[in-house]
Amino acid sequence: MRSRLPVLRMRRRYIAFQVDSEEIVPPRKLAAEIIYAQVSLLGDKGASVNRLKLISFDGRFGLLRCSHTRVDENRAVLATIYSVDGIRAALHVKGVSGTIKAATEKYIPKLSLTIAETSAENDERRIELEGVSGWIIHSYNREIDLSPDEIDRTKGSDTRYLGLTSFDLCGGCDDADGTADGLRQGDNGIQP
Amino acid sequence: MTYYESCLHSLPEGSDSPSRLAMAARRLGYEGIIICNHTGFEKFFRPDAVRSVKGIKVAFGTEVIANNPRALRSRVATARVRFPFVAVHGGSEEMNKSACEDPEVDVLLHPEEGRKILGIAAAKAAQMNQVAIGFDLHPLIRLRGSSRSRWLEVVQRNLNLARKFDLAITITTGAKSHFDLRAPRELQALAAIAGFESYEIEEALKYPARMLERNRRKWAAPGVEIL
């Protein structure tokens, strides 16, 4: 709703953020988690001043609207998010801008891959290193998420998968699927 | 910007390999990280792989756990020879005090874990021996409700002691996976909620880099350097 007097208009900032998560996070659950985290950290009164609202979220990148003086508090609120609907997740602020258009153009990449797309080709691939073995769940650039055979491995850190990189697979190990570093060459954007 | 994330835990203690933590920290804008596994997990998973990750400095350290002061002293002495960064897992009053009295210790981490404040004697000893106080912000992220407000209260009191005795401060998330890592600006916002001043946070994030640089030089005796 537009105010008649321009001086009374509420000023806004748009926060572009990225979600790192183990599985795909539903937008509704994310919005609920943000609101819960905000009320828990700042209380009802703090939340009323914040005017935090989820504008859009595509599974990886999203946009939030908030009051222009409360950006730092909102950063703290987003940093306290630990899991969304039981899925381990972390929100990282990419940037803050004054309009939706500028925030989208500056901070949200046009071609963003969701987790489902990155994991499409990684079924049924196995890694066996000394001390760690399991099935690859996702791999994105050089980052690999591994579902370990021993479930106790991830107990202390509260995650479901182990995080490795392709550098860990190089050298000194049996080839996982016939290539030297355990990744198919040219796969996932890695140049041979 | 020389921001360092000082106390991360990698495989086999956490769930990420050192190189994965390094990549995640580089993306968040850190200049370096120090991976400090607790006593008993010091055999890092593929530490050589971090050399392939360009654009970030990775150092390995250790976080000593001990049940009594004697064990602490001997473990710190052996760790000092092996690692450029030695932290102590604080908690009980006795451990906090004996860590502060040991000049070989770099950082006393989360002294508030036992819900007790540091104590004036320990703070004085820390000032004499140049032991920094490490504030682990993980409870601020993980806890909700009354337990978090209790934690905030104890941290506030420790912070007042650190200000009074002019102790060095470091801030960390104590991450065990890349999901626990937070960018420097997010840490700043979190620490501001916990009551830190902005210049303190800035200093705290830069402190581990200075500490590492000092520890890597060769010292013949306190105050005597071999050039």
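Here the residue numbering is sequential within each chain, running from 1 through the sequence in written order. Just so you know, chain letters begin at A and ligand numbers begin at 1, following the order they were written in. Restriction of local features to residues with pLDDT of at least 70 applies here, the model being predicted, together with a cutoff of 80 or more for giving and counting side-chain atom pairs; totals for whole chains, interfaces and linings are based on all residues. By convention in this description, side-chain values take in all heavy atoms of the structure and omit both hydrogens and water.

A. Spatial organisation of the environment of B:Ala194. Residues and elements named next belong to chain B. For Ala 194, the location among the structural elements is in the loop between helix H7 (184–193) and helix H8 (198–216). The sequence separation of Ala 194 and Phe 60 amounts to 134 residues, and the corresponding C-alpha distance is 28 Å. Not counting the four nearest positions on each side in its chain, Ala 194 is found in contact with Leu 152 and Gln 156. A run of H or I in DSSP counts as a helix once it spans at least four residues, and a run of E counts as a strand once it spans at least two, with each numbered from the N terminus. Here a residue-residue contact requires only that any non-hydrogen atoms of the pair lie within 4.5 Å.

B. Fine view of unusual backbone geometry. Between B:Leu11 and B:Pro12 the backbone carries a cis peptide bond, its omega angle lying at 5 degrees. We note that A:Asp158 has phi near 70 degrees; this positive angle belongs to a residue other than glycine. Within the secondary structure, A:Asp158 is located in the loop between strand S8 (143–148) and strand S9 (162–165). The backbone of B:His110 shows a phi angle near 25 degrees, a positive value even though the residue is not glycine. If you trace the backbone, B:His110 turns up in the loop between strand S5 (107–109) and helix H4 (120–129).

C. Expanded view of the confidence of the model for chain A. The pLDDT value tells you how sure the predictor is about a given residue, anywhere from 0 up to 100. Of the residues in chain A, 80% have a pLDDT of 70 or more, and the chain-wide mean is 82. Taken as a whole, residues 172–192 of chain A scores under 50 in pLDDT and shows 33 contacts with residues more than four places along the chain or in a different chain.

D. The arrangement of the nonpolar core in detail. If you look at the biggest cluster of nonpolar residues, it comprises 87 residues, and the most contacted ones within it are A:Leu30 and B:Phe196. Counting residues per element, this core draws most heavily on helix H1 (residues 18–28) of chain B, at six residues. The contact partners of A:Leu30, leaving out residues within four places of it in the chain, are A:Phe17, A:Val19, A:Val25, A:Leu54, A:Phe57, A:Val84 and A:Leu91. Only buried Ala, Val, Leu, Ile, Met, Phe, Trp, Tyr and Cys residues count toward a nonpolar core, and they belong to the same one when joined by side-chain atoms within 4.5 Å. Under the scheme applied here, a residue whose accessible area is under 20% of the maximum for its type counts as buried, over 50% as exposed, and between as partly exposed, the area being computed with a 1.4 Å probe on protein chains only. The next biggest cluster of nonpolar side chains, apart from the first, holds 14 residues, and it includes B:Ile34, B:Phe85, B:Ala132 and B:Ala209.

E. Spatial organisation of the packing of aromatic side chains. Here is the rule: rings of Phe, Tyr and Trp (six-membered ring for Trp) pair when centre to centre is within 6.5 Å. Planes less than 30 degrees apart are stacked, more than 60 are edge-to-face, and the remainder are tilted. Per the counting criterion, the structure on display carries four aromatic pairs over all chains. Judged by centre distance (5.2 Å) and plane angle (85 degrees), the ring pair of B:Phe135 and B:Phe196 falls under edge-to-face. One end of the pair, B:Phe135, is in strand S6 (residues 132–136); the other, B:Phe196, is in the loop between H7 and H8, with 61 residues separating them in the sequence. Under the relative-accessibility criterion, B:Phe135 is labelled buried at 1%. Aromatic ring contacts, followed pair by pair, group B:Phe44, B:Phe60 and B:Phe83 into a single cluster. Looking at A:Arg60, its charged tip hangs above the ring of A:Tyr140, at a distance of 4.8 Å from the centre. Cation placement over rings: the criterion is NZ of Lys or CZ of Arg within 6 Å of the ring centroid and within 35° of the ring normal. Of note, A:Arg88 hangs over the ring of A:Tyr82, and the distance from its end group to the ring centre comes to 3.8 Å.

F. Looking closely at the interface of chain B and chain A. In this assembly, 35 residues from chain B lie in contact with 46 residues from chain A. For the pairing of chain B and chain A, the buried interface totals around 3,300 Å² over both sides, and the portion due to carbon and sulfur atoms is 54%. Throughout, the accessible surface (probe 1.4 Å) given up by two parts as they are put together, summed over both, is called the buried area. When residues of chain B are sorted by the area they lose upon contact with chain A, B:Arg20, B:Arg46 and B:Phe179 head the list and together hold 21% of the total. Salt bridge criterion: a side-chain nitrogen from Lys or Arg within 4 Å of a carboxyl oxygen from Asp or Glu. Taken together, chain B and chain A are joined by seven salt bridges.

G. View of empty space enclosed by the protein. In this analysis, the protein atoms alone were mapped onto a 1 Å grid. Cavities are point sets where a 1.4 Å probe fits without being able to get out; pockets are open sets with protein on both sides within 12 Å along at least five of seven lines; lining residues have an atom within 4 Å of a point. Grid points are joined across faces, edges and corners, and a volume is the space filled by probe spheres set on the points. By the definition in use, this model includes two cavities of 30 Å³ or more. In this model, the second largest cavity occupies a volume close to 30 Å³. Forming the walls of the second largest cavity are A:Glu22, A:Asp145, A:Tyr161, A:Leu162, A:Gly163, B:His178 and B:Phe179.

H. Layout of the sheet that holds strand S7 (residues 133–140) of chain A. Residues and elements named next belong to chain A. An order of S6-S7-S8-S9 is seen for the four strands of this open sheet, with the pairing classed as antiparallel. The two strands at the open ends of the sheet, each matched to only one other strand, are strand S6 (126–128) and S9. Neighbour-to-neighbour, the strand axes of this sheet turn through a mean angle of 40 degrees, independent of strand direction. As judged from the four bridges shared by S8 and S9, these two strands associate in the antiparallel manner. Should DSSP find at least two bridges between two strands, the strands are taken to pair. Angular values range over 0 to 180 degrees, each being the angle between N-to-C directions of two axes fitted as lines to C-alpha atoms, with helices fitted over their stretch in contact.

I. Layout of a nonpolar patch on the surface. A surface patch of nonpolar side chains, amounting to about 330 Å² of accessible area, comprises A:Leu5, A:Val7 and A:Leu8. Tracing the backbone through its elements, the reader meets A:Leu8 in the segment before strand S1 (12–21). A residue counts toward a patch only above 30% relative accessible area and without a salt bridge, and it is joined to like-charged neighbours within 9 Å or, for Val, Leu, Ile, Met, Phe, Trp and Tyr, to nonpolar neighbours within 5 Å. Each accessible area is a Shrake-Rupley result for a 1.4 Å probe, and residues are judged covered by the shown protein chains and nothing else.

J. Inspection of the sheet that holds S1(A) at higher detail. Residue and element names in this part refer to chain A. Strand order in the open sheet formed by five strands is S2-S3-S1-S5-S4, and the pairing between neighbours is antiparallel. Two strands lie at the open edges of the sheet, namely strand S2 (53–57) and strand S4 (83–84), each paired on one side alone. With two bridges joining them, S4 and strand S5 (residues 87–97) adopt antiparallel strand pairing. By the bridge assignment for S5, Ser 83 is matched with Arg 88.

K. Just the confidence of the model for chain B, in detail. With 99% of its residues at a pLDDT of at least 70, chain B reaches an overall mean of 90. ipTM for the predicted complex: 0.89, alongside a pTM of 0.88.

L. Inspection of the pairing of strand S2 (residues 32–38) of chain B at higher detail. All names here are of chain B. Counting buried residues along S2, seven of its seven residues qualify, which places the element largely inside the surrounding structure. Judged by which residues are buried, S2 turns out to be covered on both faces: Gly 32, Ile 34, Cys 36 and His 38 on one side and Ile 33, Ile 35 and Asn 37 on the other are all buried. Crossover handedness is defined by viewing with both strands directed away from the observer: a clockwise path from the first strand over the helix to the second marks the crossover as right-handed. Regarding the hand of the β-α-β motif, the stretch spanning strand S1 (residues 4–8), H1 and S2 is right-handed. Summarising the sheet, S2 and strand S3 (residues 57–64) pair through seven bridges and their orientation is parallel.

M. Spotlight on the pattern of salt bridges. Within the structure shown, the criterion is met by 22 salt bridges over all chains. One salt bridge in this structure joins A:Glu33 and B:Arg144, with 4.0 Å as the shortest N-O distance. Of this pair, A:Glu33 sits in helix H1 (residues 27–50) while B:Arg144 sits in the loop between helix H5 (138–142) and helix H6 (146–164), on two different chains. Across the pair, B:Arg144 and A:Glu33 agree in class, each one buried. Put simply, B:Glu203 and B:Arg210 hold a salt bridge, and the shortest N to O gap is 3.7 Å. On the basis of relative accessible area, B:Glu203 is assigned to the partly exposed category, the value being 42%. On the basis of relative accessible area, B:Arg210 is assigned to the partly exposed category, the value being 39%. Where salt bridges share partners, they join A:Asp20, A:Glu143, A:Asp145, B:Arg20 and B:Arg27 into one cluster.

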